[in-house]
Amino acid sequence: MAPPAGRAALHERLKRASAQLEAKIQIATLELAEQNELLQRQSAEIERAAAAKSQFMANVSHELRTPLNIVLGSTRILLQGVSGALSEAQKRNVGRIDSNARHLLRTINEILDITRIETGRMPLRLSTFAVSDLVEEVLAEAELLSARSRLTLSSEVPKGLPRMHSDREKVKRIVLHFLSNAFKFTREGRVIVQVAYRASSRRFAISVADTGIGISATDHQRVFEDFRQLDESTTRLYGGTGLGLSISRRLATMLDGRITLKSALGEGSTFTLHLPRRLAQA
Amino acid sequence: MSRKLPRHRPLVLLVDDFGDAREMYAEYLEFFGFRVEQASTGQEALDHVAKHPPDVVLMDLSLPVMDGLEATRRLKANARTQHIPVIAVTGHALSATADSAAEAGCDAFVTKPCLPHRLLGEIRRALQPHLRGRRRRAS
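Rules of the game
- Residues numbered from 1 in each chain as written.
- Chains lettered and ligands numbered in written order.
- Predicted model: local features only at pLDDT ≥ 70, side-chain atom pairs only at ≥ 80, totals over all residues.
- Heavy atoms only, no water.
- Helix = DSSP H or I, 4+ residues; strand = E, 2+ residues; numbered from the N terminus.
- Buried < 20%, exposed > 50% of the residue type's maximum accessible area, 1.4 Å probe, protein only.
- Contact = heavy atoms within 4.5 Å.
- Areas by Shrake-Rupley, 256 points an atom, 1.4 Å probe, with all protein chains shown as cover.
- 1 Å grid on protein atoms, 1.4 Å probe; cavity = no way out; pocket = protein on both sides within 12 Å on 5 of 7 lines; lining within 4 Å.
- Points joined across faces, edges and corners; volume = space filled by probe spheres on them.
- Core = buried A, V, L, I, M, F, W, Y, C linked by side-chain atoms within 4.5 Å.
- Buried area = accessible area lost by both parts, 1.4 Å probe.
- Salt bridge = Lys/Arg side-chain N within 4 Å of Asp/Glu carboxyl O.
- Polar contact = N/O pair within 3.5 Å; in protein donor to acceptor, adjacent residues only side chain to side chain.
- Nonpolar A, V, L, I, M, F, W, Y, C, P; charged D, E, K, R; others polar.
- Phe/Tyr/Trp six-rings, centres within 6.5 Å; stacked < 30°, edge-to-face > 60°.
- Pairing = 2+ DSSP bridges.
- Axes fitted to C-alpha atoms, helices over the stretch in contact; angles between N-to-C directions.

Student: Got a sec to walk through the overall build of chain A? Specific residues and values, please.
Tutor: Across its full length, chain A carries six helices and seven strands. Listing every helix and strand of chain A by position from the N terminus yields α-α-β-α-β-β-α-β-β-α-α-β-β. Per-residue burial over chain A gives 37% buried out of 282 residues. Of the contacts made within chain A by residues no fewer than 6 positions apart, 71% connect residues no fewer than 24 positions apart. Accessible area of chain A: about 17100 Å², with a carbon and sulfur share of 55%.

Student: Can you explain the overall build of chain B? Please cite residues and give values.
Tutor: Each helix and strand in chain B was counted, giving five helices and five strands. Put simply, chain B runs from its N terminus to its C terminus through helices and strands in the order β-α-β-α-β-α-β-α-β-α. Counting contacts in chain B only where the partners sit at least 6 residues apart, residues at least 24 apart contribute 64% of the total. Accessible surface, chain B: about 6800 Å² in total, of which carbon and sulfur atoms supply 48%.

Student: Please provide a residue-by-residue account of empty space enclosed by the protein, values included.
Tutor: All names here are of chain B. For the coordinates displayed, the defined rule picks out one cavity of 30 Å³ or more. Taken as a whole, the largest cavity holds about 50 Å³ of empty space. Around the largest cavity, the lining residues are Leu14, Val15, Asp16, Ala21, Arg22, Tyr25, Leu58, Asp60, Val89 and Lys112. Put simply, the parts of the chain that give the lining of the largest cavity at least two residues each are β1 (11-15), α1 (19-31) and β3 (56-60).

Student: An account of the nonpolar core is requested, with residue identities and associated values reported.
Tutor: If you look at the biggest cluster of nonpolar residues, it comprises 40 residues, and the most contacted ones within it are Val171(A) and Leu273(A). Looking at this core, the elements with two or more residues in it are α2 (88-118), α3 (131-148), α4 (168-184), β4 (190-198), β5 (203-210), α6 (244-254), β6 (258-263) and β7 (269-276) of chain A. The element best represented in this core is α4(A), accounting for seven residues. Core analysis: the second largest hydrophobic core is formed by 25 residues, Tyr28(B), Val36(B), Cys114(B) and Leu127(B) among them.

Student: Please give an account of the interface of chain A and chain B that cites residues and values.
Tutor: Counting from both sides, the interface comprises 19 residues of chain A and, opposite them, 21 residues of chain B. Roughly 1900 Å² is buried in total at the junction of chain A and chain B, and carbon and sulfur atoms are behind 67% of that figure. One can count zero salt bridges joining chain A with chain B. Between chain A and chain B we count four residue pairs in polar contact (both at pLDDT 80 or more) in total. For the side of chain A that touches chain B, the elements supplying multiple residues, two or more each, are α1 (5-79) and α2 of chain A. At 12 residues, α1(A) tops the list of elements feeding residues into the side of chain A that touches chain B. A per-class count over the side of chain A that touches chain B returns seven nonpolar, eight polar and four charged.

Student: Just give me the short version of unusual backbone geometry, but keep the residues and values in it.
Tutor: Residue and element names in this part refer to chain A. The residue Arg202 is not glycine, and still its phi comes out positive at about 50 degrees. According to the relative accessible area criterion, Arg202 is exposed, its value standing at 57%. Of note in this structure, Asp256 is not a glycine but carries a positive phi near 65 degrees. Following the sequence through the fold, Asp256 ends up in the loop between α6 and β6.

Student: Residues and numbers for the packing of aromatic side chains, please.
Tutor: Under the definition given, this model contains four aromatic pairs over all chains. Residues Tyr197(A) and Phe204(A) carry aromatic rings whose centres are separated by 4.8 Å and whose planes lie at 45 degrees to one another, so their mutual orientation is tilted. Judged by its relative accessible area of 25%, Tyr197(A) falls in the partly exposed class. Note on Phe31(B) and Phe32(B): the rings are 5.1 Å apart at their centroids and 85 degrees apart in plane angle, and the pair reads as edge-to-face. Residue classification places Phe32(B) among the buried positions, given a relative accessible area of 1%.

Student: Can you break down the environment of Lys76(B) residue by residue, with the values?
Tutor: Residue and element names in this part refer to chain B. If you trace the backbone, Lys76 turns up in helix α3 (residues 68-77). Distance in space between the C-alpha atoms of Lys76 and Ala104 is 7.9 Å, their sequence separation being 28 residues. Residues in contact with Lys76, not counting those within four places in the same chain, are Gln82, Ile84, Pro85, Val86, Ala104, Gly105 and Asp107. For Lys76, the side chain forms a polar contact with the main-chain oxygen of Ile84, separated by 3.0 Å.

Student: Break down the sheet that holds β1(B) for me, citing the residues and quoting the values.
Tutor: All names here are of chain B. Reading across the sheet, the five strands line up as β2-β1-β3-β4-β5 and stay open at both edges, with parallel pairing between neighbours. Edge positions in the sheet fall to β2 (35-39) and β5 (108-111), since each of these pairs with one other strand and no more. Sheet twist, expressed as the average angle between the axes of neighbouring strands with direction ignored, equals 20 degrees. Strand direction decides the pairing type here: β1 and β2, joined by five bridges, are parallel. Pairing of Leu11 across the sheet is with Arg35, part of β2.

Structure follows, in structure tokens:
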């Protein structure tokens, strides 16, 4: 049975519309493919740029370290008296060259560390270890800092903690950095290292609390930024490169952890490193 | 730092294309009783070794003409020179140079900045098994 005239026209229109739709889809698909290709090209370009940046940083670091090697070596030779005895005034001047050259080297090394982390060239070395041993080691290394200050240094580590599986060196580096900050910004009172383990979340919290100058709430984010010491003038007063916390934050992320800060102006600071008990190998 | 003068005045070959680095280490090592020869390319280093075999070679890895890795490979491939300890020195921190240095046959590896007293320590360490080995061969 032939369709009535009205239905035939409708059918025709439907067919045309469907053909138009198909053409539009085809164009859209083509555009999508084009955009896809563009994105792929752009992502390859970004990867190339990142690789170029890290190569550039490696070269810069090499170019800076080569002359710095001579500055550090020659001042050491002078201070050791290999080139003859120095007067007290000469020693003071050479000593200033030495300490500033070492500061410069620390800064270069830390920039290099950030580059390593961001380009995925900082390897993870996982092992299983007792957190209490690590804290003991950290305290022993901080003994020098505390001997120079009038602060009391202590620790609170509960008994019977499970062992941690993570990158020991990196955990230690972060906690040591917390400690050196605590001593830097505390004139009197105490510095205490505390460890807590929460079985429900299987996470450790290692914190360093001080009774120092503290950080106002508005600045809590800023202390983790690169080259950031809250008052630019404190860089001179307190030393350090201003990169320590930003490196610690990056290291914590590598360890599937994070760093929190509890502090208020004049009321001391507590930096806490939260870490999973077991870091899964990526 | 004790100025312990070695009895035999061992000969150190310093290979570095950076004159200031060579002079600095040479001054320090001579103060501590070593004899020092200097070379600024890998080829020069090989020529030196052929003429006056040193007790230890301090090899910067990035050198013009022939780099430190190639020079080390040739020293280690030669039966007459393969016993001489080679300490690799490099300023490159990002690349996997430690591995390539070991593959080329370097006995020790230090990164710059390397303070003179650290280098002295490395040289003394490298010389100890070497001297022991020579005494064994002599007896």
